[in-house]
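Spelled out from the first residue to the last, the chains are:
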Amino acid sequence: MTYTLENEQARVTIQASGAELSSFIRKDLDNLEYIWEADPAVWARHAPVLFPIVGRLPNDTYTYQGQSYRLTQHGFARDQEFMLVRQMPAELVLELRTNETTRALFPFDFSLLISYRLAGPMLTIGWEVTNIGTGELLFGIGAHPAFRCPLLADEQFEDYEFVFDHPVTFERHLLEGGLLNGQTEPILNQETTLPLRYELFEQDALVLKNFDFTHVTLRSRRSDRAVRVRFDGFPYLGLWTKGPGARFVCIEPWHGIASSVGDSGELADKEGILTLQPGQEFVASYSITAE
């Protein structure tokens, strides 16, 4: 099942499977597609929702209240079928609730609402996580949209750059086997742009913490095409591509992060983990603007 939101400028498609954004077309710009086509020979996803964890756990396992559970990288929501809650011309709301499959992996009762709202060339994606159980709910949630790069046929990956909303200084937190290894590497020092090259991603994603910018623009240096992702209030960010020759790049705002090498495996001790008491809600959103 797929759903479509459309206005004079743009058309987006969302799949019920994973509540995943699978297409974002600028109708008024020669029907230009901005979302990666999920070529299974390279990376078979478009923009998965990461829930109830972001990143990897040690040995893909965690412990809660003395019991161990297996949960693979980025969790299970991206592979679950979401139910339709509401559909309007410019808005779609889908929901995933605790079920037999999720309970075997994740012993918590939850409702995850994902909303899509299209206004002109801007799509706002909202998350609402509610604890519908009688005990606490521990979780993380993140975005993983993959954008075509290059956007135009006569351009190359290296023709693009990340543009920040002001001069920034930050370092990346290095990954080892999908886990943070405690090491960092400086990336930018009071600069506003980061030119793309595949070598940036030889050691996996660029994982950022404690940054002070609120949006990143993926921009061509050879044309006027760009895509901007805004993520106010997010504590973590990932920037990633699959490897040399992959024609996409991801801008990933996260409320959560991969575990570290040597972590205890206790879910409650995982960096970035969020906690809700019964009846409490967590709400966040980010936006994508196709330019």
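All figures in this text were calculated on a predicted structure; none of them were measured in a lab.

The rules behind each value
Residues numbered from 1 in each chain as written. Predicted model: local features only at pLDDT ≥ 70, side-chain atom pairs only at ≥ 80, totals over all residues. Heavy atoms only, no water. Helix = DSSP H or I, 4+ residues; strand = E, 2+ residues; numbered from the N terminus. Buried < 20%, exposed > 50% of the residue type's maximum accessible area, 1.4 Å probe, protein only. Phe/Tyr/Trp six-rings, centres within 6.5 Å; stacked < 30°, edge-to-face > 60°. Contact = heavy atoms within 4.5 Å. Pairing = 2+ DSSP bridges. 1 Å grid on protein atoms, 1.4 Å probe; cavity = no way out; pocket = protein on both sides within 12 Å on 5 of 7 lines; lining within 4 Å. Points joined across faces, edges and corners; volume = space filled by probe spheres on them. Nonpolar A, V, L, I, M, F, W, Y, C, P; charged D, E, K, R; others polar.

Participant: Describe the environment of Glu8, with residues and values.
Facilitator: Within the element layout of this structure, Glu8 appears in the loop between β1 (2–6) and β2 (10–15). Residue class for Glu8 comes out exposed when judged on its relative accessible area of 74%. The sequence separation of Glu8 and Gly120 amounts to 112 residues, and the corresponding C-alpha distance is 7.3 Å.

Participant: Explain the packing of aromatic side chains to me, and be specific about the residues and the numbers.
Facilitator: One pass over the full model with this rule turns up 25 aromatic pairs. Between Phe51 and Phe76 the ring centres are 6.3 Å apart and the planes differ by 90 degrees, which places this aromatic pair in the edge-to-face class. Linking Phe51 in the loop between β5 (49–50) and β6 (61–64) with Phe76 in the loop between β7 (67–70) and β8 (83–88), this pair joins segments that are 25 residues apart in sequence. Given the relative accessible area of 0%, Phe51 is considered buried.

Participant: Break down the side chain of Thr289 for me, citing the residues and quoting the values.
Facilitator: Within the fold, Thr289 resides in strand β23 (residues 281–290). Among all residues touching Thr289, those that are not within four sequence positions of it are Pro121, Met122, Ala226, Val227 and Arg228.

Participant: Outline the pairing of strand β11 (residues 122–131), listing residues and values.
Facilitator: In terms of burial, β11 is a largely internal element, 7 of the 10 residues being buried. Linking strand β10 (residues 110–119) back to β11 in an antiparallel pair, the connection comprises 2 residues, with Gly120 at a positive phi of about 60 degrees. Relative to β23, β11 runs antiparallel, the two being bridged by 9 bridges. When the bridges of β23 are listed, Thr124 appears paired with Ser287.

Participant: Talk me through the sheet that holds β1; I want residue IDs and the actual numbers.
Facilitator: Overall, antiparallel pairing links the 4 strands, which are arranged β1-β2-β3-β4 in an open sheet. A strand with exactly one partner marks an edge of an open sheet, and here the two such strands are β1 and β4 (32–33). As defined by bridge partners, strand β3 (residues 20–26) adjoins β4 across 2 bridges and the pair is classed as antiparallel. Looking across to β4, one finds that Arg26 is bridged to Leu32.

Participant: Requested: an account of unusual backbone geometry, with residues and values cited.
Facilitator: Note: most residues except glycine have negative phi, and most peptide bonds are trans. Note that the residue after Phe51, namely Pro52, is joined by a cis bond; omega there is 10 degrees. Here Pro52 lies in the loop between β5 and β6. With an omega of 15 degrees, the peptide bond running from Cys149 to Pro150 counts as cis. Mapped onto the secondary structure, Pro150 falls in the loop between β14 (146–148) and β15 (160–176). Look at Asn59: it is not a glycine, yet its phi comes out positive at around 55 degrees. Its place among the elements puts Asn59 in the loop between β5 and β6. A relative accessible area of 68% means that Asn59 is categorised as exposed. Of note in the backbone geometry, Asp60 takes a positive phi value of approximately 55 degrees without being a glycine. Looking at the secondary structure, you find Asp60 in the loop between β5 and β6.

Participant: I'd like to hear about empty space enclosed by the protein, residue by residue, with values.
Facilitator: The method is simple in principle: a probe with the dimensions of a water molecule rolls over the atoms, and the space it marks as empty is what remains. In this structure the tally under the stated criterion is 1 cavity of 30 Å³ or more. In this model, the largest cavity occupies a volume close to 50 Å³. Leu21, Ala47, Pro48, Val49, Tyr116, Trp127, Gly142, Ala143, His144, Pro145, Tyr286 and Ile288 are the residues that line the largest cavity. Looking at the lining of the largest cavity residue by residue, the classes come out as 10 nonpolar, 2 polar and no charged.

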